[in-house]
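Close look at the chain arrangement
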Amino acid sequence: MRQFWQQLQTRTRDWAARTYGTLPDVALTGRRVVNGTDAQHMLEHEVAFYFAVENSPGLAGIAIDTAGAVRNAAVRMNQDVASITDASPLFLKLLAEQAGTDLWGEIAAGLMKAGKGAAPFTDPVGAAGRFDAASRYLQIEFQLRIDGENSHVWFFCPFDFMQQFARNSLRAAADQKAQARHHSQKTLSDSVRASTMTLDAVLERLSLTIGECAKLEIGTVLPLSGAVAGKLSLTAETINGSVDIGSGELGVWKRQRALKLSTPVSVSFVQEIAES
């Protein structure tokens with residue numbers, strides 16, 4: 001799931017840059033499984049939003065700490081951070097609703113593909129798992145470093161959903177690799193089959209020394225003592241040199257000289273082409 005965690009961190013950073021007006025340093029600082037009661041208790045002490053299970057089965061809740069909510073309010077109101085530090089929690093949450101909507105869109109709808117429409121705000125009972133003691137959630141924490149100060153963002157995902165999401169993601173990755181491998185093999189096969197190959201009909205072969213070859217000139221006669229007009233070798237040029245792949249005899253086809261095969265093409269040669 002490395003790709004998922006990297007994308008989750010990247011999307012959180014991009015959201016923070018738009019929300020706070022500056023690009024922060026982002027670090028994944030916590031992943032642990034908690035029950036619904038503990039999760040809700042933690043959310044109650046932060047600026048939190050819950051999402052309806054019908055539209056957001058994969059992301060039940062998010063939380064922004066006070067430092068982040070204050071910075072968001074300062075940006076929204078075009079004020080200094082120091083002038084908003086005494087703002088009430090309700091005021092900070094109201095100003096953070098757009099940030100919560102945007103973050104839900106980045107993660108639930110954008111990354112998990114498990115969100116529909118606008119951010120479906122609800123209370124804990126309306127979220128996936130209802131945040132009761134019997135429910136389990138994966139609590140994910142990111143630390144944002146902005147202007148020398150830290151703030152935190154938390155995601156609460158139903159644990160069963162995340163397990164299934166992981167299985168589906170791994171299966172999809174395996175299928176994608178298999179398809180890519182098949183596509184690569186087919187592309188190579190098509191390329192090989194579309195390539196040309198030189199075939200020669202050879203009457204006889206001679207072995208000469210380099211010195212004898214150096215003496216060759218116009219008019220030189222080379223006797224072909226082993227040549228038989230009715231027996232020619234069919235050869236193919238390969239990366240390993242010329243290879244005999246069959247034999248035949250000289251003939252005529254539509255008034256043109258032709259080679260009529262008298263033996264089948266070498267099985268090993270055909271298999272090598274087929275496996276390509």
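Here goes a summary of the coordinates provided. Everything numeric here is computed off the predicted structure, so don't read it as measured data. (Residues numbered from 1 in each chain as written. Predicted model: local features only at pLDDT ≥ 70, side-chain atom pairs only at ≥ 80, totals over all residues. Heavy atoms only, no water.)

Further remarks concern the overall build of the chain. Check the secondary structure of the chain and you find 7 helices and 10 strands. Scaling as 2.2 N^0.38, a compact globule of 276 residues should have a C-alpha radius of gyration of about 19 Å, whereas the chain reaches 37 Å, well beyond that. In terms of principal-axis extent, the alpha carbons of the chain reach across some 110 × 40 × 35 Å. Relative to its full complement of 276 residues, the chain shows a buried share of 33%. For the chain, restricting intrachain contacts to residue pairs at least 6 apart in sequence, the fraction spanning at least 24 positions comes to 61%. Accessible surface, the chain: about 17200 Å² in total, of which carbon and sulfur atoms supply 52%. (Helix = DSSP H or I, 4+ residues; strand = E, 2+ residues; numbered from the N terminus. Rg over C-alpha atoms; globule rule 2.2 N^0.38 Å. Buried < 20%, exposed > 50% of the residue type's maximum accessible area, 1.4 Å probe, protein only. Contact = heavy atoms within 4.5 Å. Areas by Shrake-Rupley, 256 points an atom, 1.4 Å probe, with all protein chains shown as cover.)

Turning our eyes to something else, we now look at the side chain of N72. Its place among the elements puts N72 in helix α3 (residues 66–77). By relative accessible area, N72 is classed as buried at 4%. Non-local contacts of N72, meaning those with residues more than four positions away in its chain, are made with T19, Y20, L95, A96 and A99.

Turning to the nonpolar core, a few remarks are in order. If you look at the biggest cluster of nonpolar residues, it comprises 41 residues, and the most contacted ones within it are L8, W15, L59 and F155. Of all the elements in the fold, those that place two or more residues in this core are α1 (2–20), β2 (47–51), β3 (61–64), α3, α4 (89–111), β5 (136–146), β6 (149–158) and α5 (159–194). The leading source of residues in this core is α4, at 9 residues. Apart from the residues within four sequence positions on either side, W15 is in contact with Y20, I64, A99, D102, L103, E106, L144 and V153. (Core = buried A, V, L, I, M, F, W, Y, C linked by side-chain atoms within 4.5 Å.)

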